[in-house]
Amino acid sequence: RAGAASKWEIREKVWEHLEASGLAEFPRPVRGRIPNFKGSLQACCSLRGLDVFSRAREVKVDPDKPLEGARLAALQARKTLLVPTPRLRTGLFNRIVPPPGATKEVLRRCATSQGVREFSVPVGLDSKAQVDLVVVGSVAVSEKGWRIGKGEGYADMEYAMMVSMGAVQEDTPVVTIVHDCQVLDIAEELLDDHDLTVDYILTPTRTIQTNCKRPKPQGIIWHKASYISEMLGKIPILKTLRSREKQAGKDVTLKEEHPVLENTNRAAAPDRKVTAADTQPWAAPEGQPRVEGDPINPRLEGSDPITTVYVGNLPASLRVSELKSALRELQVPPVRLSWQGAQHRAFLDYRDEGAAERAVCSLQDLSLGGSALRVELAKGHRNRG
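As a starting point, this report considers the structure included with it. It should be emphasised that the depicted structure is a prediction, and the values quoted were computed from it without experimental measurement. (Residues numbered from 1 in each chain as written. Predicted model: local features only at pLDDT ≥ 70, side-chain atom pairs only at ≥ 80, totals over all residues. Heavy atoms only, no water.)

1. Looking at the packing of helix α4 (residues 68–76) against helix α5 (residues 104–111)
- Where α4 contacts α5, the two axes come as close as 8 Å, and the packing angle between them is 130°. For the element pair α4 / α5, the angle class is oblique. Crossing hand, α4 versus α5: right-handed. Across the interface between the two elements, E68, R71, L72, L75 and Q76 of α4 pack against L107, R108, C110 and A111 of α5. (Axes fitted to C-alpha atoms, helices over the stretch in contact; angles between N-to-C directions. Helix = DSSP H or I, 4+ residues; strand = E, 2+ residues; numbered from the N terminus. Parallel < 35°, antiparallel > 145°, perpendicular 65-115°, else oblique. Left-handed = near helix turned anticlockwise from the far one by under 90°. Contact = heavy atoms within 4.5 Å.)

See the structure below:
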């Protein structure tokens, strides 16, 4: 049992246990993610047995892999399915619209992350969405309904934004789907006002109704959570919402506003397009970065085309060894790594585009040191020898 451990200790314990016990499923490693687990489809199937699901017309389900079965259940039941856009970069939700006469196979595809991208229509702040049921992923949850996510605050933020746009009410039920080993004792003092609680927990063997009486977040508490300042640099729709609430006369002052926003601007810098000059270690403005070569083949032929992957939003506390370790675990080690810790970024060189794309795919949705990595191909870059 987790006892009065900190949130991070509980997360680490769950991730470690899932891996060590053989319960972890793709994408691996589960550390830093909402973990996928053996039996997730079975747990998702229990959703169909809940009255709150039967009555719901519009269902919001997070994009995490273990919730794929929940997205499928909503589509098969012909409900309106809303899925948040990854990291809320391009808006708030996508509505999944299967093609007319979609077969079971097509619906299955619509429920995958690829399908979410292919069969979706954006839903903005002005939509008249009325969400009847919210399904979120968790790293750990208690039978009382206290929930711990992966530490980035996106599920809490999405819920708070839905409150602000009138898409959910105080009594809108929240369901989470986890493995039995993720149901732990969590001390109530670990919960903040902005933390989302859950009403139902579905596992491969149980359906738990928490009867949680703790109120859910009533909109965004701008002054309370320090992570909101950081998110403003990453989530365009959050800025829009803040200016609307300010116009409506609400207090939108941020916690430790000025110093935090200064850091945020630096962290948000990678949102600009990554150019070839950015990827050349010798062009780095703030001193020479460390270039880590492949120990097996340290020399790269000048004539070989190299595809470079950009990794941004690295936390200041992260060491190059931790990134290298994560790359090895994910089985996507580059032939060369250019570490630019002062600028919170690194560049990974791969021998071909296929290897680079596998790395982008594997690193997507990964958190290191509590920060979600920003990963993309550094287009147009070629090794200059």
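Now that the structure is up, let's keep going.
2. Quick look at α5
- Turning to α5, its buried residues are L107, C110 and A111. Buried residues in α5, looked at end-on, bunch into an arc of 100°, giving them a common side.
- Close packing links the buried residues of α5 with α4, β3 (93–96) and α6 (113–118). (Buried < 20%, exposed > 50% of the residue type's maximum accessible area, 1.4 Å probe, protein only. Arc of directions from axis to C-beta.)

3. Quick word on unusual backbone geometry
- Geometrically, the link from F26 to P27 is a cis peptide bond, its omega value of 0° lying close to zero.
- Mapped onto the secondary structure, P27 falls in the loop between α1 (7–20) and α2 (40–45).
- Put simply, R28 and P29 share a cis peptide bond, and its omega is -10°.
- By secondary structure assignment, the location of P29 is in the loop between α1 and α2.
- One non-glycine residue with positive phi stands out, namely N211, at about 50°.
- Counting through the fold element by element, N211 comes out in the loop between β10 (207–209) and α8 (227–232).
- Non-glycine residue H344 carries a positive phi angle of around 60°.
- With respect to the secondary-structure elements, H344 resides in the loop between β13 (336–340) and β14 (345–350).

4. Section: the packing of aromatic side chains
- Applying the stated criterion across every chain yields a total of 2 aromatic pairs.
- One cation-aromatic arrangement involves K79 over F53; the distance from NZ or CZ to the ring centre is 4.9 Å. (Phe/Tyr/Trp six-rings, centres within 6.5 Å; stacked < 30°, edge-to-face > 60°. Lys NZ or Arg CZ within 6 Å of the ring centre and 35° of its normal.)

5. Examining the sheet that holds strand β1 (residues 58–61)
- The 8 strands lie next to each other as β4-β3-β2-β1-β5-β8-β9-β10, forming an open sheet whose pairing is mixed. The outermost strands of the open sheet, each flanked by one partner alone, are β4 (120–123) and β10. Across the sheet, the axes of successive neighbouring strands diverge by a mean angle of 25°, strand direction being ignored.
- Pairing between strand β9 (residues 200–202) and β10: 3 bridges, direction antiparallel. (Pairing = 2+ DSSP bridges.)

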